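Tertiary structure, described
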Amino acid sequence: MMSRKIYIFDTTLRDGEQAPGIHLSVKEKLEIAHQLENLNVDIIEAGFPISSASDFESVKEVSANVKSRGVAALARAVEKDIDVAGEALRGAFQPVIHTFISSSDIHLKHQFKKTRDQALEMAAKAVNRAKKYTDIIEFSAMDATRSDREFLCRLLQTAIEHGAKIINVPDTVGYAIPGEFSSLVEYIAQNVKGIEDVIISVHCHDDLGLAVANSIMAVQKGASQIECAVNGIGERAGNASLEEIVMIIDTRKKELGVYTDIKTEEIMRTSSLVRYLTGYLVPPNKAIVGKNAFIHEAGIHQDGMLKERSTYEIIKPEHIGVHSSKLVLGKHSGRHAFAKRLEELGLKLQKDDLEKAFDRFKALADKKGQINDKDLKAIVEDEIREVAEHFKLDFYQVVSGTNVKATATIGMEIEGKMRQSAACGDGPVDASFKAIDAVTGLHTQLVEYNIEAVSEGKDAIGSVRIMVISDGKEVMGSGISTDIIEASIKAYVDAMNRIMENS
Ligand code: KIV
Ligand code: ZN
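Presented here is an overview of the structure given in this document. These numbers were taken from a predicted model, which means no experiment stands behind them.

1. Quick look at the pattern of salt bridges
Opposite charge on two side chains permits them to pair, given that their charged atoms come into close proximity. Counted under the stated rule, the structure contains 36 salt bridges. Between Asp 15 and Arg 14 there is a salt bridge, with its nearest N and O atoms 3.6 Å apart. A single burial state applies to Asp 15 and to Arg 14, both of which are buried. A salt bridge links Asp 250 to Lys 253, with the shortest nitrogen-to-oxygen separation between them at 3.8 Å. Residue classification places Lys 253 among the partly exposed positions, given a relative accessible area of 40%. Within this structure, Lys 5, Asp 42 and Asp 261 form a network of salt bridges that share partners.

Pasting the structure below:
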C-alpha cells in the first residue's frame, strides 16, 4: 500500500500563544516561525489578526518573511475578521484563511445566540468572502465533537460547496475518547458530499490527555492534516503535541501507512526555542522532548543498552537533534570560533544579535572559564527574546545574610530618566522585587517562581522563570545569569516590560 502524507499544521503561534501567561513579541514570533520553517511544517498558523494589533502585525511579518511554507490566519465567520485576516496575509507565499463557527447546540444557543440555519448561512458567506484573498480556505466547525452529527455534516458540506479546501474537525474542549473521535471522522468521510476532494483535518485539545491519541486514531480513518503545537502548548491543557504526533508517525510509519515531511532533527531545537521564549517549562518526563526521555536509569536497562541500543531505545536521540554536550569554547575563543559553533548547533542569529551574544559569551567565559553547548544555547535564546525595554535595569545592589534584614536597591532607566529605590524584604529576591515595584509603580502579584541550572557545575548559568498577575492577566518573564539574584531581577523586569507592551 502506498504511504499517505499527513500535513502538519502548526498552531504554536496561535492556539499555543493563547495559553495563560504567554505573550510573545512580534520578533519572538518571527524567530519561532523561522524555526518552524526549518522544521518543515506544512502550515504555520501565525495568529488571529482581528484579536489585537500585535496579532495582526505578527501575521503580517510572518507572511512577509516565511517564503517556503503556508501561513494561516484565524478569522471568525464574519466579514470584518476575514477582511483583516486577508489583509494581514497579503504577500504570504501560500496564504490560508482559517475561518470557524461553532456547530454544537451548546455553543450556538448559549454563546453565539444563533440558530443552526444562521450558522449555515454564516459559514457560506465567510467562505465566499475568503475567496477574495486566497484559494486555500480552511473551515472549522468548533466544538464538533459535541455536535449533532447530521447537522455537523450539513455545515461541513456547505463550507465545501462554497469553496473550502480544508475541513477541520476540532475537539475544542478535549472531550472525545479515541474510538468515538475516529468514528466521527469516519462518519464525516462517508457522509459529507465532496469530502473526497478536500483535506480532512483534526484539531484536538488535551483536557483528558487524549489529544495525541485522538489525532492518530483520526488519521487511520482518513484525516490527512493534524493541527498541533510544539511542546503541546495551547488553551487550557493545550493542543496535541507536535513532537509526539510526528515521532509516533515516524516510529510506526509502516503500521500506520503514513508519513510527514518534518525534519525530525530539528525537533529538539524547536522545542527548546519555544520553551524558552514562552517560558512554559517542559516536564522532565515529557515524551520525546523531556530531559529524561532518553535516560536509562534501571541497572537492567543500562545493561541492555550497553549490549545493544535497540533493547530499550525506540528512537535514537540524534534523530530528534539531541547530541551529547561537548566542552568547546573558552575565554580565548574568538568571534569566528563562536559563530562557527553556533552554526554547528543550528543556532542562527542576525548580525546585531550575534555581536551582543558574543559580548555576553566573553563576559561569561571570563567568569566561568569553559563554556559548553548548553550555556551557548541559553545565551542565544536569551538574546532572541526581545520585548521593548520600557524599563531598563541599570544596577542592583543586594544585602542579605543570617540575622540581617534583606535589602535591595534597584536603579533603572525609564524613558531616559534614571530612577532608583530601595526596599527590605523576606530574602534578597523579595526585597529586589519590592524595590522594582517601587521604581516602576506597577503592582503585580507573583504567582510562580522557578529556577534551574542550564548545565552542570556550581558555576552554571541559572535560568529564572516567573509568572505575575497584572490587571487579572497572567504574564511571564524570564532571565539568565550565573548570579541567581540577577537572573531573578532580569526575569521580573522582563515581565514588567511585557505588561507595558500589552497594556
Ligand atoms: O479549539 C478550537 O476549536 C479552535 C478552533 C478555532 C479551530 O482552536
Ligand atoms: Zn483550539
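2. Re helix α15 (residues 373-384)
With 12 residues, α15 ought to run about 16 Å at 1.5 Å a step, and its terminal C-alpha atoms sit 16 Å apart, in line with that. A large share of α15 lies buried, amounting to 10 of its 12 residues. Listing the buried residues of α15 in full gives Asp 373, Asp 375, Leu 376, Ala 378, Ile 379, Val 380, Glu 381, Asp 382, Glu 383 and Ile 384. For α15, the capping residue at the N-terminal end is Asn 372, with a side-chain oxygen 3.0 Å from the backbone nitrogen of Lys 374.

3. Details of the environment of Val 84
Mapped onto the elements, Val 84 comes out in helix α3 (residues 79-88). You can call Val 84 buried: its relative accessible area is 15%. Separated by 34 residues in sequence, Val 84 and Ile 50 have C-alpha atoms that sit 6.1 Å apart. Other than its neighbours up to four places away in sequence, Val 84 contacts Pro 49, Ile 50 and Phe 56.

4. Focus on the sheet that holds strand β15 (residues 417-425)
Pairing in this open sheet of 3 strands is antiparallel, and the strands run β13-β14-β15 from one edge to the other. Every interior strand has two partners, whereas the edge strands, β13 (391-401) and β15, have only one. Strand-to-strand, the axes of this sheet are offset by a mean angle of 15 degrees, without reference to chain direction. Across 9 bridges, β13 lies against strand β14 (residues 404-414) in antiparallel orientation. Among the inter-strand pairings, Phe 391 is bridged to a residue of β14, identified as Ile 414. Helix-sheet contacts for helix α17 (residues 484-502) involve β13 and β14, and the interaxial angle to β13 is about 145 degrees.

5. Concerning the site of ligand 1
Around ligand 1, the structure places Arg 14, Asp 15, Leu 74, His 98, Ser 140, Met 142, Asn 168, Pro 170, Thr 172, His 203 and His 205. Taking Arg 14, its side chain carries an N or O atom lying 3.0 Å from an oxygen atom of ligand 1. At 3.1 Å from an oxygen atom of ligand 1 is found a side-chain nitrogen or oxygen belonging to His 203. For ligand 1, whose unbound accessible area comes to 260 Å², protein coverage reaches 95%.

6. Examining helix α8 (residues 211-219)
Burial of α8 is extensive: 7 of the 9 residues sit out of reach of the surface. Ala 211, Val 212, Asn 214, Ser 215, Ile 216, Ala 218 and Val 219 are the residues of α8 that are buried.

7. So, unusual backbone geometry
Not every positive phi belongs to a glycine, and Lys 113 is a case in point at roughly 55 degrees. Among the structural elements, Lys 113 can be located in the loop between α4 (105-112) and α5 (116-130). Since its relative accessible area comes to 61%, Lys 113 is described here as exposed.

8. Observations regarding the coordination of the zinc ion (ligand 2)
Looking at the metal site, the zinc ion (ligand 2) is ligated by Asp 15 (OD), His 203 (NE2) and His 205 (NE2), spaced 2.0 to 2.1 Å from it. Positions of the donor residues of the zinc ion (ligand 2) along the chain correspond to the pattern D-x187-H-x1-H. In this pair, Asp 15 sits in the loop between β2 (7-10) and α1 (26-39) while His 203 sits in strand β8 (residues 199-204), placing the two residues 188 residues apart along the sequence. Accessibility assignment for this pair places Asp 15 and His 203 in one class, buried.

9. Things to note about the side chain of Thr 440
Residue position: Thr 440 is located in helix α16 (residues 428-440). Look at Thr 440 and you get buried, because its relative accessible area is 13%. Discounting residues that sit within four places of it in the chain, Thr 440 has contacts with Phe 391, Met 412 and Met 496.

10. Overview of the packing of aromatic side chains
Counted under the stated rule, the structure contains 5 aromatic pairs. Their ring planes at 25 degrees and their centres at 4.9 Å tell us that Phe 338 and Phe 361 sit as a pair that is stacked. Taken as a pair, Phe 338 in helix α13 (residues 335-344) and Phe 361 in helix α14 (residues 351-368) lie far apart in primary sequence, 23 residues in all. Side by side, Phe 338 and Phe 361 carry an identical accessibility label, which is buried. An aromatic cluster of at least three residues, connected via ring pairs, comprises Phe 338, Phe 358 and Phe 361.

11. Observations regarding the packing of α13 against α15
In contact at an axis separation of 11 Å, α13 and α15 are set at 90 degrees when each is read in the N-to-C sense. Looking at the two axes, α13 sits roughly perpendicular to α15. Contacts between α13 and α15 involve Phe 338, Arg 341 and Leu 342 from the first element and Asp 373, Leu 376 and Val 380 from the second.

12. Digging into the sheet that holds strand β17 (residues 462-470)
Read from one edge of the open sheet, 3 strands run β16-β17-β18, paired in antiparallel fashion. Of all strands in the sheet, those with a lone pairing partner are β16 (445-453) and β18 (473-481), marking the two edges. Taking the axes of each pair of neighbouring strands and ignoring which way they run, one obtains an average angle of 15 degrees across the sheet. Relative to β17, β16 runs antiparallel, the two being bridged by 8 bridges. Looking at β17, one finds that Asn 450 is bridged to Arg 465. Docked against the sheet, α17 engages β16, β17 and β18, running at close to 145 degrees with respect to β18.

Basis of the calculations
- Residues numbered from 1 in each chain as written.
- Chains lettered and ligands numbered in written order.
- Predicted model: local features only at pLDDT ≥ 70, side-chain atom pairs only at ≥ 80, totals over all residues.
- Heavy atoms only, no water.
- Salt bridge = Lys/Arg side-chain N within 4 Å of Asp/Glu carboxyl O.
- Buried < 20%, exposed > 50% of the residue type's maximum accessible area, 1.4 Å probe, protein only.
- Helix = DSSP H or I, 4+ residues; strand = E, 2+ residues; numbered from the N terminus.
- Expected span 1.5 Å × (residues − 1).
- Polar contact = N/O pair within 3.5 Å; in protein donor to acceptor, adjacent residues only side chain to side chain.
- Contact = heavy atoms within 4.5 Å.
- Pairing = 2+ DSSP bridges.
- Axes fitted to C-alpha atoms, helices over the stretch in contact; angles between N-to-C directions.
- Near = heavy atom within 4 Å.
- Areas by Shrake-Rupley, 256 points an atom, 1.4 Å probe, with all protein chains shown as cover.
- Donors = N, O, S within 2.8 Å, 3.2 Å for Na, K, Ca; no water.
- Phe/Tyr/Trp six-rings, centres within 6.5 Å; stacked < 30°, edge-to-face > 60°.
- Parallel < 35°, antiparallel > 145°, perpendicular 65-115°, else oblique.

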